[in-house]
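Below, each chain spelled out in residue letters.
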Amino acid sequence: SLTADQAGLQLVSLLSTLDVFAEASPSLLRNHYDTLLHYLKADNGVPLKCESMIVVHMCKILSHVSSSLDENDLQRLGRGDLPRDLVKITYRFGMGPTGAAVECLAKLATHPGSSKKNPLSIALFKLAKTFYTHLFKMKDASNDLSKLKDRERSNVH
C-alpha cells in the first residue's frame, strides 16, 4: 500500500507524462480528456504540494487538447464543473497553478468554437474582472500590503 506522498508523486508522474503526450499530439487525448477532469477538483487525498502539481498538469493537458476540440466539446465542458473548478484553482493555489488555470480557461473560452454565452467565457470574464479589481485596489498600497484587507491580501499571489 502506498503512502499519500507516494501516491501523489505517482499521480503527478502519470499526469506529467500525459501532459507530454498532449503537447506533442493534442489529438491523442481528444477522446479521453473527460476521464481526467475529476483531477481538477484537487481532492485526490494527496499532499497539497502534489495536488498543486496535479492541477498544473491537468490544466496544461486541457490547454494542449483545446486546439482539437469542437463546438460540442466546448458546450459540454461549459455545462459541467470545469469553469468552476478552474476558477477555484486560482483562489486555492499559488502562481504556477493559477497561471495554468487562467491559461486553460482563456484557451477554452476564446476557442473559435466557443461563444460569449458559454459558461467558460463568462467565467473568464468574471475572473479577469476580479483580478483587475484587486490590482486596482492595490495601486495605492503596492508598497504597503498592510493597507489591504485580509481578504484581498490573501488573494495576492
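Described below are features of the structure shown in this document. (Residues numbered from 1 in each chain as written. Predicted model: local features only at pLDDT ≥ 70, side-chain atom pairs only at ≥ 80, totals over all residues. Heavy atoms only, no water.)

On the surface, a cluster of nonpolar side chains totalling about 370 Å² of accessible area is made up of Tyr132, Leu135 and Phe136. Secondary-structure assignment places Leu135 in helix α6 (residues 119-138). A relative accessible area of 55% places Leu135 in the exposed class. (Patch = residues over 30% accessible without salt bridge, like charges linked within 9 Å, V, L, I, M, F, W, Y side chains within 5 Å. Areas by Shrake-Rupley, 256 points an atom, 1.4 Å probe, with all protein chains shown as cover. Salt bridge = Lys/Arg side-chain N within 4 Å of Asp/Glu carboxyl O. Helix = DSSP H or I, 4+ residues; strand = E, 2+ residues; numbered from the N terminus. Buried < 20%, exposed > 50% of the residue type's maximum accessible area, 1.4 Å probe, protein only.)

Okay, the side chain of Asp73 next. Relative to the helices and strands, Asp73 is located in helix α3 (residues 71-79). There is a polar contact of 2.5 Å between the side chain of Asp73 and the side chain of Arg30. (Polar contact = N/O pair within 3.5 Å; in protein donor to acceptor, adjacent residues only side chain to side chain.)

We now examine the side chain of Ser114. Assignment of secondary structure puts Ser114 in the loop between α5 (95-109) and α6. In this structure, Ser114 is in contact with Leu74, Leu108, Ala109 and Ser121, ignoring residues within four places of it in sequence. (Contact = heavy atoms within 4.5 Å.)

Turning our eyes to something else, we now look at the pattern of salt bridges. Tallied over the full model, the rule gives eight salt bridges. The salt bridge involving Asp19 is made with Lys60; its shortest N-O contact spans 3.4 Å. In this pair, Asp19 sits in helix α1 (residues 4-24) while Lys60 sits in helix α2 (residues 48-65), placing the two residues 41 residues apart along the sequence. Residue classification places Asp19 among the buried residues on the basis of a relative accessible area of 4%. Here Lys41 and Asp81 are joined by a salt bridge, their closest N and O atoms 2.9 Å apart. Of this pair, Lys41 sits in the loop between α1 and α2 while Asp81 sits in the loop between α3 and α4 (82-92); the two residues are 40 residues apart in sequence, bridging distant segments of the chain.

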